[in-house]
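Now for the letters of each chain:
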Amino acid sequence: MSWTIIQQSIPVFVQAFWLTLKLSFYGIIGAIIVGLIASFLRYFKVPVLRQISAAYTEISRNTPLLIQLFFIYYAFPEIGIKISATAAGISGLIFLGGSYMAEAIYGGLQGVAKIQVESGLAIGLSRGQLARYVVFPQGLTLSVPAIAANVIFLIKETSIFTVIAIPELTNTALDQIGLYYHTDESLFVLVIAYAIILIPLSLALTWLERRARRGSFGN
């Protein structure tokens with residue numbers, strides 16, 4: 001392994017590093033938003049939309065991200081919808097991640113004691129007030145461990161973006177190997193780059209989970 005080669009490749013990997021973070025950020029935020037909407041539709045049993053939400057969750061969770069990306073990037077242009085590789089990657093991450101976030105959040109909402117929901121209804125809270133003041137705060141707290149696991153999962157899934165030529169970390173490593181045959185050096189930098197992202201994030205999310213279990217978000 002040559003440290004000189006590693007140093008020379010760092011600028012390229014830095015660009016890929018920030019791109020991976022950017023794609024992950026937008027994908028995860030979008031997935032959480034979709035997950036919140038889908039989980040609330042199911043929890044409050046909204047007619048028709050509840051069934052659509054459940055169908056989306058099943059389709060998304062039971063098809064690989066690879067196939068979803070191929071469909072978004074290659075099939076959509078056939079029906080007149082042109083989309084960039086970056087947008088396709090983010091869309092795929094949101095589509096897949098939204099279903100996992102929906103299940104995580106829905107599980108948390110289901111964990112809210114029924115007596116509290118019934119008490120809220122008894123004092124005349126509307127459905128919106130019940131969601132805002134009773135169900136959502138407690139349900140989201142209970143969902144934190146599963147949401148944290150999904151965040152890590154979605155960041156790892158960005159490695160699939162190489163199939164649509166997005167120059168994220170994995171694609172960059174494969175390019176470096178293909179161009180210069182520096183396999184050991186490229187894979188070493190790739191592992192370090194993911195470790196820099198995932199280890200601190202994992203520690204932060206573990207801390208957040210502990211806070212959630214103690215019910216001390218406001219302390």
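Note that the structure is a prediction, hence the values are computed from the model and not measured. (Residues numbered from 1 in each chain as written. Predicted model: local features only at pLDDT ≥ 70, side-chain atom pairs only at ≥ 80, totals over all residues. Heavy atoms only, no water.)

> I tried to follow the UniProt feature "domain: ABC transmembrane type-1" (unreviewed entry) in the chain on my own but got confused; where do I start?
UniProt tags residues 17-209 as "domain: ABC transmembrane type-1" (unreviewed entry). For residues 17-209, the end-to-end C-alpha separation is 26 Å, with 81% helix and 0% strand making up the annotated structure. (UniProt positions renumbered as here; feature names shortened; annotations may be inferred. Helix = DSSP H or I, 4+ residues; strand = E, 2+ residues; numbered from the N terminus.)

> Please explain the confidence of the model for the chain as it appears in this structure.
Atomic detail in the predicted coordinates should be set aside for any region of low pLDDT. For the chain, the mean per-residue pLDDT works out to 89, and 98% of the residues sit at or above 70. Within the chain, helix α5 (residues 114-122) has the poorest average pLDDT of any element, 79, and helix α4 (residues 85-110) the best, 94. (pLDDT = per-residue confidence, 0-100.)

> What should I look at first to understand the UniProt feature "transmembrane region" (unreviewed entry) in the chain in this one?
In the numbering used here, UniProt assigns the "transmembrane region" (unreviewed entry) feature to residues 23-44, 65-83, 89-109, 130-155 and 187-208. With 95% helix and 0% strand, residues 23-44 has its two end C-alpha atoms placed 32 Å apart. Span residues 89-109 is 100% helix and 0% strand, its end C-alpha atoms 29 Å apart.

> It is not clear to me how the pattern of salt bridges should be interpreted in this structure. Could you clarify?
Any two side chains of opposite charge can pair, given that their charged atoms come close. Throughout the structure, instances matching the rule amount to two salt bridges. One salt bridge connects E103 with R42, and the closest N-O pair in it is separated by 2.4 Å. Placement of the pair is E103 in helix α4 and R42 in helix α1 (residues 3-43), with a sequence separation of 61 residues. Given a relative accessible area of 27%, E103 falls into the partly exposed group. Between R61 and E103 there is a salt bridge whose closest N-O contact spans 3.7 Å. Residue R61 is located in helix α2 (residues 49-61), and its partner E103 is located in helix α4; the two are separated by 42 residues in the primary sequence. Where salt bridges share partners, they join R42, R61 and E103 into one cluster. (Salt bridge = Lys/Arg side-chain N within 4 Å of Asp/Glu carboxyl O. Buried < 20%, exposed > 50% of the residue type's maximum accessible area, 1.4 Å probe, protein only.)

> I'm lost on a nonpolar patch on the surface in this one. Help?
The grouping of M1, W3, F188, I192 and I196 at the surface amounts to a nonpolar patch, some 530 Å² of accessible area in total. Sorting elements by how many residues they give to the nonpolar patch places helix α8 (residues 183-214) first, with three residues. Residue position: I196 is located in helix α8. (Patch = residues over 30% accessible without salt bridge, like charges linked within 9 Å, V, L, I, M, F, W, Y side chains within 5 Å. Areas by Shrake-Rupley, 256 points an atom, 1.4 Å probe, with all protein chains shown as cover.)

> Can you walk me through the packing of α2 against α4 in this structure?
Between two packed helices, what matters for the description is the angle formed by their axes and the separation of those axes. Where α2 meets α4, the closest approach of the two axes is 8 Å, and the angle between their N-to-C directions is 120 degrees. Comparing their axes, α4 and α2 come out oblique. Remark: the crossing between α2 and α4 carries left-handed chirality. Along the contact surface, α2 presents Y56, T57, S60 and R61, while α4 presents I94, F95, L96, G98, S99, Y100, A102 and E103. Looking at side-chain class alone, the contact of α2 with α4 contains six nonpolar, four polar and two charged residues. (Axes fitted to C-alpha atoms, helices over the stretch in contact; angles between N-to-C directions. Parallel < 35°, antiparallel > 145°, perpendicular 65-115°, else oblique. Left-handed = near helix turned anticlockwise from the far one by under 90°. Contact = heavy atoms within 4.5 Å. Nonpolar A, V, L, I, M, F, W, Y, C, P; charged D, E, K, R; others polar.)

> What's the story with the packing of aromatic side chains in this structure? I'm lost.
For any pair of aromatic rings, the description rests on two quantities: the centre-to-centre distance and the angle between the ring planes. All chains considered together, the criterion is met by 11 aromatic pairs. An angle of 85 degrees between the planes, with centres 5.0 Å apart, marks the rings of Y43 and F44 as edge-to-face. Judged by its relative accessible area of 13%, F44 is buried. By the ring-pair criterion, three or more aromatic residues cluster together here, those being F40, Y43, F44 and F136. Above the ring of Y106, the side-chain terminus of R42 is found at 4.2 Å from the ring centroid. (Phe/Tyr/Trp six-rings, centres within 6.5 Å; stacked < 30°, edge-to-face > 60°. Lys NZ or Arg CZ within 6 Å of the ring centre and 35° of its normal.)

> I'm lost on the nonpolar core in this one. Help?
A general feature of soluble globular proteins is that nonpolar side chains tend to end up buried together. Residues Y43, F44, V135, V151, F161, I166 and L169 are the most contacted members of the largest nonpolar core, which totals 48 residues. Elements with a minimum of two residues in this core: α1, α3 (65-75), α4, α6 (127-157), α7 (169-180) and α8. Residues within four places of I166 in sequence aside, it is in contact with L19, L23, A85, T86, G89, F161 and N171. (Core = buried A, V, L, I, M, F, W, Y, C linked by side-chain atoms within 4.5 Å.)

> Just checking my understanding: could you explain unusual backbone geometry for this structure?
Across the chain, the bulk of peptide bonds are trans and the bulk of non-glycine residues have phi less than zero. The backbone of K45 shows a phi angle near 50 degrees, a positive value even though the residue is not glycine. Assignment of secondary structure puts K45 in the loop between α1 and α2.

> Please clarify how the packing of α1 against α2 should be interpreted in this entry.
At a minimum axis distance of 8 Å, the contact between α1 and α2 shows a crossing angle of 130 degrees. Taken together, the axis directions place α1 and α2 in an arrangement best described as oblique. Once α1 is placed against α2, the crossing between them reads as left-handed. Counted together, V34, A38, L41 and R42 of α1 and L49, R50, S53, A54 and Y56 of α2 form the full contact between these two elements.

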